[in-house]
There are 8 protein chains.
Amino acid sequence: MSNSSSSSRAYRRLDKDQAAVLLVDHQAGLLSLVRDIQPDPFTNNVLAVADIAKYFKLPTVLTTSFEDGPNGPLMPELKKTLPDAAFIPRPGQINAWDNEDFVKAVKATERKQLIIAGVVTEVCVAFPALSALAEDFEVFVVTDASGTFNEVTRDAAWNRMSEAGAQLMTWFGLACELHRDWRNDVEGLGTLFANHIPDYRNLMTSYSATKAPK
Amino acid sequence: MSNSSSSSRAYRRLDKDQAAVLLVDHQAGLLSLVRDIQPDPFTNNVLAVADIAKYFKLPTVLTTSFEDGPNGPLMPELKKTLPDAAFIPRPGQINAWDNEDFVKAVKATERKQLIIAGVVTEVCVAFPALSALAEDFEVFVVTDASGTFNEVTRDAAWNRMSEAGAQLMTWFGLACELHRDWRNDVEGLGTLFANHIPDYRNLMTSYSATKAPK
Amino acid sequence: MSNSSSSSRAYRRLDKDQAAVLLVDHQAGLLSLVRDIQPDPFTNNVLAVADIAKYFKLPTVLTTSFEDGPNGPLMPELKKTLPDAAFIPRPGQINAWDNEDFVKAVKATERKQLIIAGVVTEVCVAFPALSALAEDFEVFVVTDASGTFNEVTRDAAWNRMSEAGAQLMTWFGLACELHRDWRNDVEGLGTLFANHIPDYRNLMTSYSATKAPK
Amino acid sequence: MSNSSSSSRAYRRLDKDQAAVLLVDHQAGLLSLVRDIQPDPFTNNVLAVADIAKYFKLPTVLTTSFEDGPNGPLMPELKKTLPDAAFIPRPGQINAWDNEDFVKAVKATERKQLIIAGVVTEVCVAFPALSALAEDFEVFVVTDASGTFNEVTRDAAWNRMSEAGAQLMTWFGLACELHRDWRNDVEGLGTLFANHIPDYRNLMTSYSATKAPK
Amino acid sequence: MSNSSSSSRAYRRLDKDQAAVLLVDHQAGLLSLVRDIQPDPFTNNVLAVADIAKYFKLPTVLTTSFEDGPNGPLMPELKKTLPDAAFIPRPGQINAWDNEDFVKAVKATERKQLIIAGVVTEVCVAFPALSALAEDFEVFVVTDASGTFNEVTRDAAWNRMSEAGAQLMTWFGLACELHRDWRNDVEGLGTLFANHIPDYRNLMTSYSATKAPK
Amino acid sequence: MSNSSSSSRAYRRLDKDQAAVLLVDHQAGLLSLVRDIQPDPFTNNVLAVADIAKYFKLPTVLTTSFEDGPNGPLMPELKKTLPDAAFIPRPGQINAWDNEDFVKAVKATERKQLIIAGVVTEVCVAFPALSALAEDFEVFVVTDASGTFNEVTRDAAWNRMSEAGAQLMTWFGLACELHRDWRNDVEGLGTLFANHIPDYRNLMTSYSATKAPK
Amino acid sequence: MSNSSSSSRAYRRLDKDQAAVLLVDHQAGLLSLVRDIQPDPFTNNVLAVADIAKYFKLPTVLTTSFEDGPNGPLMPELKKTLPDAAFIPRPGQINAWDNEDFVKAVKATERKQLIIAGVVTEVCVAFPALSALAEDFEVFVVTDASGTFNEVTRDAAWNRMSEAGAQLMTWFGLACELHRDWRNDVEGLGTLFANHIPDYRNLMTSYSATKAPK
Amino acid sequence: MSNSSSSSRAYRRLDKDQAAVLLVDHQAGLLSLVRDIQPDPFTNNVLAVADIAKYFKLPTVLTTSFEDGPNGPLMPELKKTLPDAAFIPRPGQINAWDNEDFVKAVKATERKQLIIAGVVTEVCVAFPALSALAEDFEVFVVTDASGTFNEVTRDAAWNRMSEAGAQLMTWFGLACELHRDWRNDVEGLGTLFANHIPDYRNLMTSYSATKAPK
């Protein structure tokens, strides 16, 4: 491992002007396959990524596979939160990157940093992630907004993507790395956290109470 | 165990005309002590109980301990969902049942079935549960809307309450036992479930899609 | 606990001439809610109970709730394995015992021992179990063919049923207690085990190989 | 639970002059089914019970089911440690208590306290335990020398036996309750512990070293 | 279960004028056997019980088994915190209740409620607990200040004690049930909690900061 | 780590015209050693790989070690599903790659992508994987169809193989990467999934029901 | 992986004359977010790092984010243990390295080895770690004194930092690598261990007892 | 990761003529610190490595740290099994490689492959492993014969060693890679496995029984 080479140590850092979000196959039927994260936190994590995309105005591509069949329709909240996102229902390609319209939509964003989440991790996330890396995109996987059958499957998928050069992140790290400085908008980031982190909401509730006039 | 006695086998069944809800010390500070359930599902479970109380119009008593100190204020959603609930801030009694106003509020409901949830389980739930049992109330503990430090603490608390005659339940069982028959209000119960069970919401999303005109 | 009383120590033992099987709400949609057992073993356990019912010719009642809605249809294998079972689709009653046809079907079996499994444990299993106990049936819950949201829910449901006098069993214990003696049919029981216990199948494969002529 | 009755509180205490040991179906094939305890500690626990039987000279009954088939032969160490134990290979009865020779062997010990361990817990242990309780024996289950398919199966089996009046123990508690006082034989009990508890062996190694002349 | 009998529902509540504390065999060597709780929280829990005994001025009996051998000496903090506690080093009895001096020391407290913790749970706690119950003491086991080899051992020990009428508690519940009302001494109880609950200490730190003059 | 080098980012993608399957030592005796995955899902995963090999007509090599001894015979389903697979019973070589016939059979497939699964992971999978990598094959390990003693063993084996350049996959990712596009055969892939993923089968059952004429 | 290159195999070893400690955002509010380690051991680990910094006289930088808001003040013990540490309260930068004063304080230490711990791992630790690596510092992450929301988050954060060249350590390894030889100060290191490792304290208690004159 | 470079794919394979074994600090006191593996399997794994060293006649170096203090003496079985091993009690160096006599003993073996196990993993194993790698030895860590405080500590230690070029193995893989071919000595390897793998012993017991004349 050539850790000593300076190139490997470059901090490939998310930049809100360089990043786009790809949400792949968060469909009502497929969600029932996700068993490596509990349903409550998983749903919360996916919605947090959507809120991040909206908050930072990141260009976003939504895609689904076979919505009319057992895979079911996209989680309705995603389109509601991101009405301007490109939406590419794929007629059959399992790897979204094999779909020309999807790749076109991605490239239309003119961003080189791709934030990817999806269901299931080893397929709907890993395949486009590996394809994008091969075309020299920087890839950031939102691990906790990506779900799969069990922990064995997840660990294998993470390993494959990491070895190929993807960076493993979580939605909270994403939000923080994009925001850079609380002073850019304390209110906005605080609201995002309060809406998606019960413990943080509790801190804010307690804090507000002590600050309230009696 | 005298299981053969018919009295022990009587089905002590929740009845929406006999039941009241007691929510004890779900305060912003105390919630940070809860580590036997993850924050996302725990918050969801507590809010589900509040929605149940509202939906079935169950008389409800909210109580807190030392709101002005580190324990922090009540989760704001509870008062918002249940604006008519009695609210008893206790000046110091750890067992809510040691507070006269609380007991008065409970007895004012004229209900003999008490549904109790709180933080932390072995104290804020167990103490009033044991006191209520000693006064011949029927006690139903909402285990998944009650939280504590860890699983050892929880298991010990459950054992103590169960041995004293409390029935251990969860919010979903509560809702189902109170509702009795879907035909009483399909829409209402379905909405309650969709709002608090991501897997159920997914089922409904998929089902609706197949029923929608194309 | 009056363990010293001889009555409590009576061995309430399953008898294939006294027992009936009730399978409650093993529906395709509801199965996606089950997260306290992994899907592979859970499906296997449910099918094992069906095979037991068939093998021991136990009268069986199948029931569902709202098959046309998001709960989805009964697992198709159940009707295929048990074509003669009574089938009671319930129009709305959550507790199957609140449905007259269901109770009639149960009583028509003229059995006093009821083997119950279902989805979800704290509702579809616990409610009819408690109702049946109140009418002096002996109740045997097949814990591993009954599933629910998580382990907290399961533990609470088991506690409530056990305290009310139900006996907690698993499908393997069921088969063994009903069969009594391997000599009644070595081949039959062995096949049942080989079909549902991979480890047992392996033992048989190895054993057969050593016995085969070389 | 009538805990207040003095009879329930009587300490039913193991007495080395009142106790017999029953080891049921610890056979090489069946052991591969045990997955609720890891193989290393499980084997150790079973051998510890055999050493206890030998050390306290407890009359012992060994039994097996179908040794010639896939269930395989008895763990060879058991007969080696306990050459004088009764051995009852059962021709087909699943519940050892249904085998007349087994019951005769048990009754020939003239002991009223039965220590039972076996594979698998919910069948080979639970069935004879329930039968023995029904005939007014005191039953002590060695939980950690009894194994089964998984934790769900184990928990259900423990619940059934406990509710029927069996006492749940482990091999270490067994040894201590039978021995009563270290002064009866420090060397003997210490050796038993050192042979079966690595942590205790380490304590003895360190202790001996500090006491050794330098 | 005769839950319907009022006697079973009586709230057997800890009273600081009725309770004594028995700490059994918390010795440096034996502590290395404890693996059902991590070392940091376990040590903390034991010291919390000692602080409770001191704070509520509960008469306390300390006892050890073979301090000169591999079991090792008593945790030094216990005698330091409780210099006036009776101390009974046992020459050999495994069940502390078999030691006359120990029983004399217990009875000299003139208390009928015994709070017991020790190492290991199924022996050093369970044996004296069962003996005390047989002499009509009320027994409260501090589960989280009692440790043993693993969770199987713990669960079996809890079951045996609970079935015999012991109440399972934890140190936090103990402190709260003894204290009754914060107003009896806010400072004292708050300090106890801050010293033994990191999360509570954090709450107090944050709270104090908001109250401090800037 | 020279992630920045484009070569490392090349997507080494499974191609059904380039891949062969090697199934190593899935023997009835050795399967009893597998404890890092439960028996039901593990058996299912192995059979899924066999079905994939058949469905995609991938050349396959089966091999065993000492079938006549305690390791036992190959799982009978494998030869039944793959009657045309090469079968190489090894007389003694632990690393299948040390057996000339095995290597010949592999090379006869004229494929450069090797999909390997086996029992136990750190030996029967890792050794031939490392040998094949050293001869410049691309190696894809089917992690969930490979089993071993425990999770420590598994994690060490995965690390060794991954560091040497193997790609960690699971059977579902395998099927999807080989299939590329649902439109190649919706029916076929759907059947494969329904047969090996209970949750997917449920989705299909529910979907079919909504599509059926009423 | 070019493991064969000698450069990658160089032992980048902590040296007490080359290392500085950075403790990032161990604030009372943020600590309530930490759920991947239990509170007792986590608090202990953080305090152990502070004691190490003091013991080895390592230059230390403390920093916080928004102390006046819900994040809360720094754990008071840190400043008490390390009164001479630089303290940089950040007005808004999430990545401490984006704060000029922080970087200045780090560079003022004139050390090239940075030991970093903080809350939460994927942000407050990972961001400055990646920034420092990009400026050619050697980075050592104290994994067990860094906490975050859950294990998924932790694993992703570890992966990202490790892939970028950070070394993952724990406080115990840190102390040992810095100390090099017990003979440098047996008493000092022993005290450090006894204060933070209950098991080690027990060993010392037992050892001292055997050495004490009787 | 330059996986494409052929050098990284070279199979660095254990060779019994090239390998030496280093067992570091398996001392009675330190063993009580090990909590990432249960005591029964951990002890078994360490003894298995000693048996492997003996069986393959691998030159072995034993070393200890402060045997006279609380760390305690070496596990007595190690010297008994390996009477000819070099034994280097270190006067103070924490990293065994810092002790000249130890390095001399290692180099005297004239082996370039070092198999290392010890307690605790992140110090007694990792430090000499990193030192040996820096001197161009090939290092094979026996992960399951190396123990430490908890899984966080273990995972960090594995990561550090793996990133530096060590290969992670387990004792079973070790034995198999060294043995190469069962035909070299079926009896010997079989005995080794039977003595250390209960499941394998069971397979052999069952197999022998079927082969025995009746």
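Just so we're clear, the structure is a prediction, and the values are computed from it rather than from any experiment.

Before going further, it helps to spend a moment on the side chain of Glu177 of chain A. When you line up the elements, Glu177 of chain A lands in helix α8 (residues 171-179). A distance of 2.8 Å separates the side chain of Glu177 of chain A from the backbone nitrogen of Leu14 of chain A, its partner in a polar contact. In this structure, Glu177 of chain A is in contact with Tyr11, Arg12, Arg13, Leu14 and Met169 of chain A together with Phe127 and Arg160 of chain G, ignoring residues within four places of it in sequence.

Mapping chain C onto chain F leaves a residual RMSD of 0.0 Å; the transformation is a rotation of 180° accompanied by 0.0 Å of translation along its axis. Read as a symmetry element, the transformation amounts to a two-fold axis. Relative to the rotation axis, the C-alpha of Asp40 of chain C is the closest in chain C, positioned 2.9 Å from it. Here 100% of the contact residues of chain C are again contact residues in chain F; the copies associate through an equivalent surface.

Time to look at the interface of chain C and chain D. On the chain D side, the residues contacting the 38 residues of chain C number 44 residues. Where chain C touches chain D, the interface holds 3 salt bridges. Applying the counting rule to chain C against chain D returns 10 residue pairs in polar contact (both at pLDDT 80 or more). Broken down by secondary-structure element, the contributors of at least two residues to the side of chain C that touches chain D are α1 (6-9), α7 (151-163), β6 (167-169), α8 (171-179), α9 (186-196) and α10 (198-211) of chain C.

Our focus in this paragraph is the confidence of the model for chain A. Here chain A averages 94 in pLDDT, while 95% of its residues score no lower than 70. As scored by the predictor, the complex reaches a pTM of 0.96 and an ipTM of 0.95.

Another aspect to go through is the packing of aromatic side chains. A full pass over the atoms with the stated rule returns 77 aromatic pairs over all chains. Geometrically, the ring pair formed by Phe172 of chain B and Phe193 of chain B is tilted, given 4.8 Å between the ring centres and 45° between the ring planes. One end of the pair, Phe172 of chain B, is in helix α8 (residues 171-179); the other, Phe193 of chain B, is in helix α9 (residues 186-196), and 21 residues separate them in sequence. Given a relative accessible area of 1%, Phe193 of chain B falls into the buried group. Measuring from centroid to centroid gives 5.0 Å for Phe149 of chain F and Phe172 of chain H, while their planes differ by 75°, and the two rings are edge-to-face. With Phe149 of chain F in the loop between β5 (138-142) and α6 (151-163) and Phe172 of chain H in helix α8 (residues 171-179), the pair connects residues from two separate chains. Each member of the aromatic cluster is reached from another via a ring pair, and the members are Phe66 and Phe149 of chain A together with Trp171, Phe172, Trp182, Phe193 and Tyr200 of chain F.

This part takes up the state of the cysteines. Linking two cysteines covalently via their sulfur atoms produces the bond known as a disulfide. As enumerated under the stated definition, the model contains 0 disulfides over all chains in all. There is no disulfide at Cys176 of chain F, and the cysteine sulfur nearest it, in Cys124 of chain A, is 7.1 Å away. Note on Cys176 of chain F: relative accessible area 4%, which makes it buried.

Between chain C and chain F, the residue contacts involve 24 residues of the former and 24 residues of the latter. Counting the surface lost from both chain C and chain F, the interface buries some 1800 Å², and carbon and sulfur atoms represent 57% of this. Considering only the surface of chain C that becomes buried against chain F, Asp40, Pro198 and Asn202 of chain C emerge as the three largest contributors, covering 25% of it. One salt bridge connects Arg201 of chain C with Glu77 of chain F, and the closest N-O pair in it is separated by 3.4 Å. Viewed at the interface, chain F and chain C are joined by 2 residue pairs in polar contact (both at pLDDT 80 or more). For the side of chain C that touches chain F, the secondary structure elements donating two or more residues are α2 (28-31), α3 (39-55), α4 (76-81) and α10 of chain C. Broken down by element, the side of chain C that touches chain F gets its largest block of residues, 7 residues, from α10 of chain C.

Let us now look at the relation of the copies chain C and chain D. Superposing chain C onto chain D requires a rotation of 90° together with a translation of 0.0 Å along the rotation axis, leaving an RMSD of 0.0 Å. Taken together, the rotation angle and the small translation identify this as a four-fold axis. Interface overlap between copies is the fraction of interface residues in one copy that are interface residues in the other; for chain C against chain D it is only 18%, indicating separate surfaces.

This part is about the domain arrangement of chain A. All names here are of chain A. Per the domain assignment, the segments of chain A are domain 1 (17-178) and domain 2 (181-214). The C-alpha centroid of domain 2 is placed 28 Å from the C-alpha centroid of domain 1. Between domain 1 and domain 2, the contact holds 10 residues from the first and 8 residues from the second. Carbon and sulfur atoms make up 70% of the area that domain 1 and domain 2 hide from each other, which totals about 770 Å².

All names here are of chain G. Summarising burial for strand β5 (residues 138-142): 4 of the 5 residues are buried, a large majority. Sheet analysis places strand β4 (residues 113-118) next to β5, joined by 4 bridges and oriented parallel. Following the sheet pairing, Leu114 is matched in β5 by Val139. In this fold, the crossover linking β4 to β5 by way of helix α6 (residues 121-134) has right-handed handedness. Bridge count between β5 and strand β6 (residues 167-169): 3 bridges; the pairing is parallel. Within β6, the residue paired with Val141 across the bridge is Leu168. Read as a crossover between parallel neighbours, the route from β5 over helix α7 (residues 151-163) to β6 is right-handed.

A full pass over the atoms with the stated rule returns 72 salt bridges over all chains. A salt bridge links Asp25 of chain A to Arg90 of chain A; the shortest N-O distance between them is 2.9 Å. Here Asp25 of chain A is found in the loop between β1 (19-24) and α2 (28-31), whereas its partner Arg90 of chain A is found in strand β3 (residues 86-90), with 65 residues between them in sequence. The two residues Asp25 of chain A and Arg90 of chain A agree in class, both being buried. Notably, a salt bridge pairs Lys107 of chain D with Glu135 of chain D, separated by 2.9 Å at the nearest N-O pair. Taken as a pair, Lys107 of chain D in helix α5 (residues 100-108) and Glu135 of chain D in the loop between α6 (121-134) and β5 (138-142) lie far apart in primary sequence, 28 residues in all. In this structure, a network of salt bridges that share partners links the residues Asp36, Arg154 and Asp155 of chain A.

Residue and element names in this part refer to chain A. Within α8, 9 of the 9 residues are buried, which leaves the element mostly enclosed by the surrounding structure. All of the buried residues along α8 are Trp171, Phe172, Gly173, Leu174, Ala175, Cys176, Glu177, Leu178 and His179. Within two residues after α8, Arg180 carries a phi angle of roughly 70°, on the positive side.

So, how was this worked out
- Residues numbered from 1 in each chain as written.
- Chains lettered and ligands numbered in written order.
- Predicted model: local features only at pLDDT ≥ 70, side-chain atom pairs only at ≥ 80, totals over all residues.
- Heavy atoms only, no water.
- Helix = DSSP H or I, 4+ residues; strand = E, 2+ residues; numbered from the N terminus.
- Polar contact = N/O pair within 3.5 Å; in protein donor to acceptor, adjacent residues only side chain to side chain.
- Contact = heavy atoms within 4.5 Å.
- Least-squares fit on C-alpha atoms with pLDDT ≥ 70 in both.
- Salt bridge = Lys/Arg side-chain N within 4 Å of Asp/Glu carboxyl O.
- pLDDT = per-residue confidence, 0-100.
- Phe/Tyr/Trp six-rings, centres within 6.5 Å; stacked < 30°, edge-to-face > 60°.
- Buried < 20%, exposed > 50% of the residue type's maximum accessible area, 1.4 Å probe, protein only.
- Disulfide = S-S within 2.5 Å.
- Buried area = accessible area lost by both parts, 1.4 Å probe.
- Domains from an automatic or database assignment.
- Pairing = 2+ DSSP bridges.
- Right-handed = clockwise from strand over helix to strand, strands pointing away.

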